[in-house]
Amino acid sequence: MAGQPRHTGERRKTDLLLAVGVILGSLIVLNLPPGPQRAMRHFMRETVLSPFIGINGAIARTRERALDFDLLRTQMDSLVAPVAAQRTLAEENRQLRNLLGLKDRPSHRVTAVTVIRAGTPGSESTFQLDAGLDGGISPFNAVVTESGLLGQVQEVFSRYSMGYDWSHRDFRVSAMTPDGRAHGLVEAVRGGFREQDRLVLRGTAYLSDLGPGDELVTSGRGGTFPRGIRIGWISGPAEASAGWSRSYYVEPAVHPGAVTHALVHVGGGAGVTVAAEDSVFRPRQVDPP
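Residues numbered from 1 in each chain as written. Predicted model: local features only at pLDDT ≥ 70, side-chain atom pairs only at ≥ 80, totals over all residues. Heavy atoms only, no water.

1. A word on the packing of aromatic side chains
To describe a pair of aromatic rings, you give the distance between the ring centres and the angle between the ring planes. This structure, assessed with the given rule, holds two aromatic pairs. The ring of tyrosine 249 has arginine 198 sitting right over it, with the charged end atom 3.7 Å from the ring centre. The lysine or arginine in question, arginine 246, covers the ring of tyrosine 206, its NZ or CZ lying 4.4 Å from the ring centre. (Phe/Tyr/Trp six-rings, centres within 6.5 Å; stacked < 30°, edge-to-face > 60°. Lys NZ or Arg CZ within 6 Å of the ring centre and 35° of its normal.)

The structure is reproduced here in structure tokens:
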């Protein structure tokens, strides 16, 4: 019995040293340059966290396959008429371009992916995709859903890639109204709680008066996001800048936490080829909030 307190004291000392070591290691990792941090994250995901990421991905894919069949059937039926009408418009567009001597519009290439959320504090705005270099994905590719723009790819590895959604502090996208009468830059604004995160349109000309319910789509400027992807709808004015520009709050078209399946615009890389006139990135019709 006399040796038990000594054994307990040694165990506590060992636990204390281990805790101090973990804290020091964490501080060192947090202060590393971005390059070594990315390498360490990749090493952890490929080794220690690999089984947990695999299980999380399997759960996400199972949840996706378990969607209500009737809901999927209804969505598919609702797309039949628009697709049939667009085929006629696409042919008319080709004929008109030939008569005017214009070149064919470039085709879109997309890769279907499963969106996996880490579910840990500090990673709310990031996600993992189950495709990477092998699927033709590159950094800064746009990630879209049937409702609109989700986010952007940031880091790409051979079998998976990492990205962030529109609620990330670094998110920026050039936007416009579908008729082109107003342009601006959309960025994320943090709320008191993550559920209160919202988008704001900045840099719009002062005379471009937008009202609630006006739709915003990507303008294609910068080449990162294809033109015409729905971003959301104007919900109200935010501020005016010395009479030169206006800002508006934007109701996003996509709620990131509910997304399990998406498409990545891979440009000229591997993927499914769709003619530009077919508008694969034109989201399904959704009434503004």
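2. A short note on the pairing of strand 6 (residues 172–176)
Extensive coverage of strand 6 is indicated by the burial of four of its five residues. Relative to strand 7 (residues 183–189), strand 6 runs antiparallel, the two sharing five bridges. Of the residues in strand 7, the one forming a bridge with serine 174 is leucine 185. Connecting strand 6 to the next strand, strand 7, in antiparallel fashion are six residues, including glycine 180 with a positive phi near 80°. (Buried < 20%, exposed > 50% of the residue type's maximum accessible area, 1.4 Å probe, protein only. Helix = DSSP H or I, 4+ residues; strand = E, 2+ residues; numbered from the N terminus. Pairing = 2+ DSSP bridges.)

3. Focus on the pattern of salt bridges
Counted under the stated rule, the structure contains seven salt bridges. A salt bridge links arginine 172 to glutamate 187; the nearest nitrogen and oxygen atoms lie 2.9 Å apart. Pair noted here: arginine 172 is in strand 6 and glutamate 187 is in strand 7, with a separation of 15 residues, a long-range link. Exposure remark for arginine 172: the relative accessible area of 39% places this residue in the partly exposed category. For glutamate 215, the salt bridge goes to arginine 230, with nearest N and O atoms at 2.8 Å. Of this pair, glutamate 215 sits in strand 9 (residues 215–218) while arginine 230 is found in strand 10 (residues 230–241), placing the two residues 15 residues apart along the sequence. Within this structure, Arg172, Glu187 and Arg202 form a network of salt bridges that share partners. (Salt bridge = Lys/Arg side-chain N within 4 Å of Asp/Glu carboxyl O.)

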